Amino acid sequence: MAQKLLVVDDEESIMQLLQYNLEQAGFEVTTAMDGRTALDTASQESFDLIVLDLMLPEMDGLEVCKELRRNKVTTPILMLTAKDDEFDKVLGLELGADDYLTKPFSPREVTARVRAILRRSHTQAPPEKQEQEEKKMTVGDVVLFPDNYEAYLLEEQMELTPKEFELLMYLMTNKGRVMTRDQLLNSVWNYDFVGDTRIVDVHISHLREKIEPNTKKPVYIKTVRGLGYKMEEPGRSL
């Protein structure tokens, strides 16, 4: 079954170009040309990924992203922006976008980025209970099931975006090891962000808000000054 995408852009020429190329790549594409329609469509239908332009009439892409995450819609979001502005990129990520592309871009680049995000966020069918128990990862009260993209804190399921889940899984896999920001960019985002390590800091901040009892004194994800981050069992010191 073809994976479903929602593509949102108010420039008809760009919309048609993206729709044509993504459909040629095998995706089922639904389109919207303003933020309000995009929000309503994404709230009412299920999609595998949303390609969302930043500058939209009625409601901009940042507000759409913010509202979707507020409504617990965790569909991966690839944000498109015509501005080569770090503020817009970082703000989009802070509001819940998983990735971004700066215009101008090639249709091939968009297709490759979409496939990369979907590949990393694809949810497999839940395994049998015993197998699931064998594959689960545990650090303190945080429990993660890689095969079905579920994470729990104190037995309560957490609402994580796909990128937050991938980052948490990588940190848990490398528990006790210091991971530099560049290592996290290369391993979790899987392509070159040209040293834009602020993206890592934003996602670390998101994870801390969801798993740390006190974000000002983290016990799970600790900062190693001058190096990066590492995840540890609560109670252990650096």
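Residues numbered from 1 in each chain as written. Predicted model: local features only at pLDDT ≥ 70, side-chain atom pairs only at ≥ 80, totals over all residues. Heavy atoms only, no water.

A. Region of interest: the layout of surface pockets. Taken as a whole, the second largest pocket spans an internal volume of roughly 230 Å³. Around the second largest pocket, the lining comprises 13 residues; the ones closest to its centre are Arg69, Glu159, Thr161, Glu164 and Lys210. Looking at which element gives the most residues to the lining of the second largest pocket, the answer is helix α9 (residues 198-211), with 3 residues. Looking at the lining of the second largest pocket residue by residue, the classes come out as 2 nonpolar, 4 polar and 7 charged. (1 Å grid on protein atoms, 1.4 Å probe; cavity = no way out; pocket = protein on both sides within 12 Å on 5 of 7 lines; lining within 4 Å. Points joined across faces, edges and corners; volume = space filled by probe spheres on them. Helix = DSSP H or I, 4+ residues; strand = E, 2+ residues; numbered from the N terminus. Nonpolar A, V, L, I, M, F, W, Y, C, P; charged D, E, K, R; others polar.)

B. Broad picture of the UniProt feature "modified residue: 4-aspartylphosphate" (unreviewed entry) in the protein. Mapped onto this structure's residue numbering, the UniProt feature "modified residue: 4-aspartylphosphate" (unreviewed entry) falls at Asp53. With respect to the helices and strands, the residue aspartate 53 is situated in strand β3 (residues 49-53). Note on aspartate 53: relative accessible area 3%, which makes it buried. The contact partners of aspartate 53, leaving out residues within four places of it in the chain, are Val8, Asp9, Asp10, Gly61, Leu80, Thr81 and Lys103. (UniProt positions renumbered as here; feature names shortened; annotations may be inferred. Buried < 20%, exposed > 50% of the residue type's maximum accessible area, 1.4 Å probe, protein only. Contact = heavy atoms within 4.5 Å.)

C. Representation of the pairing of strand β4 (residues 77-81) in the model. Of all 5 residues in β4, 5 are buried; the element is thus mostly enclosed. Alternating residues of β4 divide into Ile77, Met79 and Thr81 and Leu78 and Leu80, and every residue in both groups is buried. Across 4 bridges, β3 lies against β4 in parallel orientation. Its bridge partner being in β4, leucine 52 is matched across the sheet by methionine 79. Since β3 and β4 lie parallel, the crossover through helix α3 (residues 61-70) that links them has a hand, and here it is right-handed. (Pairing = 2+ DSSP bridges. Right-handed = clockwise from strand over helix to strand, strands pointing away.)

D. Up close: the sheet that holds strand β1 (residues 4-8). Pairing is parallel in the open sheet, where 5 strands are placed in the order β2-β1-β3-β4-β5. Both edges of this open sheet fall to β2 (28-32) and β5 (99-102), since each of them pairs with a single strand only. If you compare each strand with its neighbour and ignore which way they point, the axes differ by 20° on average. Its contacts with the sheet place helix α1 (residues 12-24) against β1, β2 and β4, and it is angled at close to 165° to β2. Sitting on the sheet, helix α2 (residues 35-44) touches β1, β2 and β3, and the angle it makes with β1 is about 165°. (Axes fitted to C-alpha atoms, helices over the stretch in contact; angles between N-to-C directions.)

E. Molecular detail of the environment of glutamate 155. Checked against the element boundaries, glutamate 155 lands in the loop between β8 (150-153) and β9 (156-157). Taking C-alpha positions, glutamate 155 is 8.2 Å from valine 142, a pair spaced 13 residues apart along the chain.

F. Layout of unusual backbone geometry. Each neighbour pair has its own omega, and for lysine 103 with proline 104 the value is 0°, a cis peptide bond. Of note in the backbone geometry, glutamate 58 takes a positive phi value of approximately 70° without being a glycine. Looking at the secondary structure, you find glutamate 58 in the loop between β3 and α3. Judged by relative accessible area, glutamate 58 falls into the exposed class, the value being 69%. Even without being glycine, lysine 72 reaches a positive phi, approximately 65°. Its location among the elements puts lysine 72 in the loop between α3 and β4. Among the residues examined, lysine 72 registers a relative accessible area of 55% and is labelled exposed.

G. Main features of the nonpolar core. Core analysis: the largest hydrophobic core is formed by 53 residues, its most contacted members being Leu52, Leu168 and Leu171. Lining this core are residues from two domains, each supplying at least three of them: domain 1 (4-122) and domain 2 (137-231). Ignoring any residue separated from it by four or fewer positions in sequence, one finds leucine 171 in contact with Met179, Leu184, Ile204, Leu207, Ile221 and Met231. Leu5, Val7, Phe27 and Val29 belong to the second-largest nonpolar core, a separate cluster that totals 18 residues. (Core = buried A, V, L, I, M, F, W, Y, C linked by side-chain atoms within 4.5 Å. Domains from an automatic or database assignment.)

H. Spatial organisation of the environment of arginine 115. Here arginine 115 lies in helix α5 (residues 107-121). C-alpha separation for the pair arginine 115 and leucine 49, spaced 66 residues apart in sequence, amounts to 9.7 Å.

I. A look at the sheet that holds strand β11 (residues 221-224). The antiparallel open sheet is built from 3 strands, whose spatial order is β10-β12-β11. Two strands lie at the open edges of the sheet, namely β10 (179-180) and β11, each paired on one side alone. Examined bridge by bridge, β11 and strand β12 (residues 228-231) share 4 bridges and lie antiparallel to one another. Among the inter-strand pairings, threonine 223 is bridged to a residue of β12, identified as tyrosine 229. Contacts between helix α7 (residues 162-173) and the sheet are confined to β10, β11 and β12, with β12 contributing the most and set at about 70° to the helix.

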